[in-house]
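# Results of the structural survey
Okay, here's what each chain looks like letter by letter:
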Amino acid sequence: MSSPSIVLSNGVNMPQVGIGMWQTPDGETATKAVQWAVDAGYRHIDTAMVYRNEEGVGAGVKACGVPREELFITTKLWNDDHGYETTLKAFEDSRKRLGVDYVDLYLIHWPGQQKTFIDTWRAFEKLYEEKKVRAIGVSNFEEEHLEELLAVCKVAPMVNQIEVHPDFQQSKLCDYCKKKNIAVTSWSPLGQGQLLSNPTLTKIAEKHKRTVAQVIIRWHVQLGLIVIPKSVNHERIKANFDVFSFELDESDLQTINAMEAGNRVGPDPKKFFHI
Ligand code: A2P
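Residues numbered from 1 in each chain as written. Predicted model: local features only at pLDDT ≥ 70, side-chain atom pairs only at ≥ 80, totals over all residues. Heavy atoms only, no water.

As for its position among the elements, Ser139 is in strand S7 (residues 133–139). The class for Ser139 is buried, based on a relative accessible area of 1%. (Helix = DSSP H or I, 4+ residues; strand = E, 2+ residues; numbered from the N terminus. Buried < 20%, exposed > 50% of the residue type's maximum accessible area, 1.4 Å probe, protein only.)

Our focus in this paragraph is the UniProt feature "site: Lowers pKa of active site Tyr" (unreviewed entry) in the protein chain. Under the local residue numbering, the UniProt record ascribes the feature "site: Lowers pKa of active site Tyr" (unreviewed entry) to Lys76. Looking at where Lys76 falls in the secondary structure, it is placed in strand S5 (residues 72–77). In this structure Lys76 touches Asp46, Thr47, Ala48, Met49, Tyr51, Tyr106, Leu107, His109 and Gln161, once residues within four positions along its chain are discounted. A distance of 2.6 Å separates polar atoms of two side chains, one belonging to Lys76 and the other to Asp46. (UniProt positions renumbered as here; feature names shortened; annotations may be inferred. Contact = heavy atoms within 4.5 Å. Polar contact = N/O pair within 3.5 Å; in protein donor to acceptor, adjacent residues only side chain to side chain.)

Turning to unusual backbone geometry, a few remarks are in order. In terms of backbone geometry, most residues other than glycine have negative phi values and most peptide bonds are trans. Phi angles above zero are rare outside glycine, and Arg52 is one such case at about 55°. Of note, Arg52 is situated in the loop between strand S4 (44–46) and helix H2 (54–63). Residue classification places Arg52 among the exposed positions, given a relative accessible area of 57%. With a phi angle near 45°, Ser188 is a residue other than glycine that sits in the positive phi range. Its place among the elements puts Ser188 in the loop between strand S9 (183–187) and helix H7 (199–208). Judged by its relative accessible area of 11%, Ser188 falls in the buried class.

Dropping the structure here:
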């Protein structure tokens, strides 16, 4: 079974379910995770400079046996590298570590201060115009950051990658992104694993004879979100992709939607890192 794709605003297809690489150690662990994921059907791999595993990911991409152009690889610009020239250099360093000719999606990892991310974005637009990246976007941007960027950009961001899981749904920001034709990717989609013994989700999982992780991933898919669960375990990597042969019904969706509790597991973009 293959993952459906979300069509980005520039027409690029982005596979809806990818493997997240945050907290995956570099080297053999990252390489194996990528190989197992591709064997299981994943075609989308999400890493970042700051995850320090781009080399291991790149080795997995080379070894996986699927042509590069069939894979969708995302990486991100870290906070220290904001600015025009520094971004161009940071991109080149990431590209080389990954061992690829182009990156599918390059994201600004965190907004920091508005005036700095605008310079950074100019470099992103250059990379996009030069076809070194197939799509550009942001991560952890809130409405105010996006407004600021949309007011001055030549190329609008195609993706915003934000924290989303059943007890932190960010529905207002998701609706805003939808209105602006910006696809949303959910990071920490399983709440960093904290939701996996939740009784409400366990009940829904029992009803469908599925795991809680599969129910959560399926919820993201049915909301039209791109979703990147992280795992380094072969069986869990396989199971997390096996979400295309069952469907949550309206009452399941309503029950999960009612779980919103404002429970962030990661940093608040308004407070995290101001350069
Ligand atoms: P592991 O890598 O050992 O599988 P998130 O994607 O929300 O950040 O969650 C990632 C966390 O959830 C990791 O600790 C990961 O551990 C764990 N995890 C991922 N998939 C599953 C699963 N199917 N069952 C149990 N734990 C999982």
